[in-house]
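Here are the chains, one letter per residue:
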Amino acid sequence: MFVKALPVGVDDFEKLVTRDYYFVDKTEFIKKLLEVKGDVNLFTRPRRFGKTLNLSMLQYFFEDTRDNEGRKIDHAGLFDGLDIMRAGNRILSHMGQYPVIFLSLKSTKQADMATAVWMLKKQIAGEYIRHQYVLSSDHLMEPEKELYHKVISMTDDNRVYADAIAFLSKCLAKYHRQKVILLIDEYDVPLENAYFAGFYQEMTVFVRSVMESALKTNEDLKFAVITGCLRVSRESIFTGLNNLNVISILSDSFAECFGFTRHEVADLLTYYEQEDKAEEVQEW
């Protein structure tokens, strides 16, 4: 009997499926998210609760993925046999229909402000590069293309990045003629790190300027999903955001979409006990 490997450290949904790891089907998360219809959804969960993997799953489901020449890449096959495929046309009609911006802020855990900001700018520039197919079309005017290239070049002028996510949303919405889905993983890493490293106020101002234009005044935003470990504080980067839906670990809503329930762990143990490998699951 072939025993599937545990996906220890795997947070890419495509890799999880194509390499045949053992995993618990959490695709119901997609359906619930569409039914809630929140503009900006913040999920706060402890580490190792599958936050990054869930965002990766959302990206593969929703994104109208293109290669460098603008040719569509189909990821529908990744969801064959999963719960979401039984959700009906109302839900499945959203599959592969939207431009997606996916930012992970994990790499901003740095010793000084300059390096942390540089890593954040690198993440944003990476998404610009991933979507650079928009530059080969007539949807953008020359000044917009020049600004696009300036972000990619990681200019020292931080003002360019103050609304860089909102600007990328605009460019993508023009090309796809669809509003953008924004996914932000570990939003609190740059703030937590800056607090202990001694540059919290400066980092808060910078991150808030980036986030406000992306989440508060972004007319091209379909919806946003944000994850992190920390609760939202009064002085948070989300101050003034009146469309924020916070779903913490204390909420019953979406509780089964992150981490493992007792029933799921029991099923996992039963599966591995058949091959005398239950001890590996308990250690994991």
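Residues numbered from 1 in each chain as written. Predicted model: local features only at pLDDT ≥ 70, side-chain atom pairs only at ≥ 80, totals over all residues. Heavy atoms only, no water.

## Some points on the sheet that holds strand β4 (residues 100-104)
In space, the five strands of this open sheet follow the order β4-β5-β6-β1-β7, with parallel pairing throughout. For this open sheet the edge positions go to β4 and β7 (244-247), each flanked by a neighbour on one side alone. Averaged over all adjacent pairs, the angle separating strand axes in this sheet is 15°, with direction ignored. Strands β4, β5 (180-185) and β6 (221-228) of the sheet are contacted by helix α3 (residues 51-62), whose axis makes an angle of about 165° with β5. (Pairing = 2+ DSSP bridges. Helix = DSSP H or I, 4+ residues; strand = E, 2+ residues; numbered from the N terminus. Axes fitted to C-alpha atoms, helices over the stretch in contact; angles between N-to-C directions. Contact = heavy atoms within 4.5 Å.)

## Digging into the pattern of salt bridges
Inspection of the entire model under this criterion finds 17 salt bridges. Between arginine 90 and glutamate 35 there is a salt bridge, with the nearest N and O atoms lying 3.6 Å from each other. Placement of arginine 90 in helix α4 (residues 89-92) and of glutamate 35 in helix α2 (residues 28-36) is noted, with a sequence separation of 55 residues between them. Taking the relative accessible area as the measure of exposure, arginine 90 reaches 58% and is therefore exposed. A salt bridge links arginine 47 to glutamate 186; the shortest N-O distance between them is 3.6 Å. One end of the pair, arginine 47, is in the loop between β1 (40-44) and α3; the other, glutamate 186, is in the loop between β5 and α8 (189-197), with 139 residues separating them in the sequence. For arginine 47, a relative accessible area of 47% puts it in the partly exposed group. Salt bridges sharing partners connect three or more residues here, namely Asp11, Lys106 and Asp185. (Salt bridge = Lys/Arg side-chain N within 4 Å of Asp/Glu carboxyl O. Buried < 20%, exposed > 50% of the residue type's maximum accessible area, 1.4 Å probe, protein only.)

## Considerations on the environment of lysine 32
By the secondary structure assignment, lysine 32 is in helix α2. Measuring from C-alpha to C-alpha, the distance between lysine 32 and isoleucine 91 comes to 9.8 Å, with 59 residues separating the pair along the chain. Those residues in contact with lysine 32, other than ones at most four positions away along the chain, are Phe254, Glu256 and Cys257. For lysine 32, the side chain forms a polar contact with the side chain of glutamate 256, separated by 3.0 Å. (Polar contact = N/O pair within 3.5 Å; in protein donor to acceptor, adjacent residues only side chain to side chain.)

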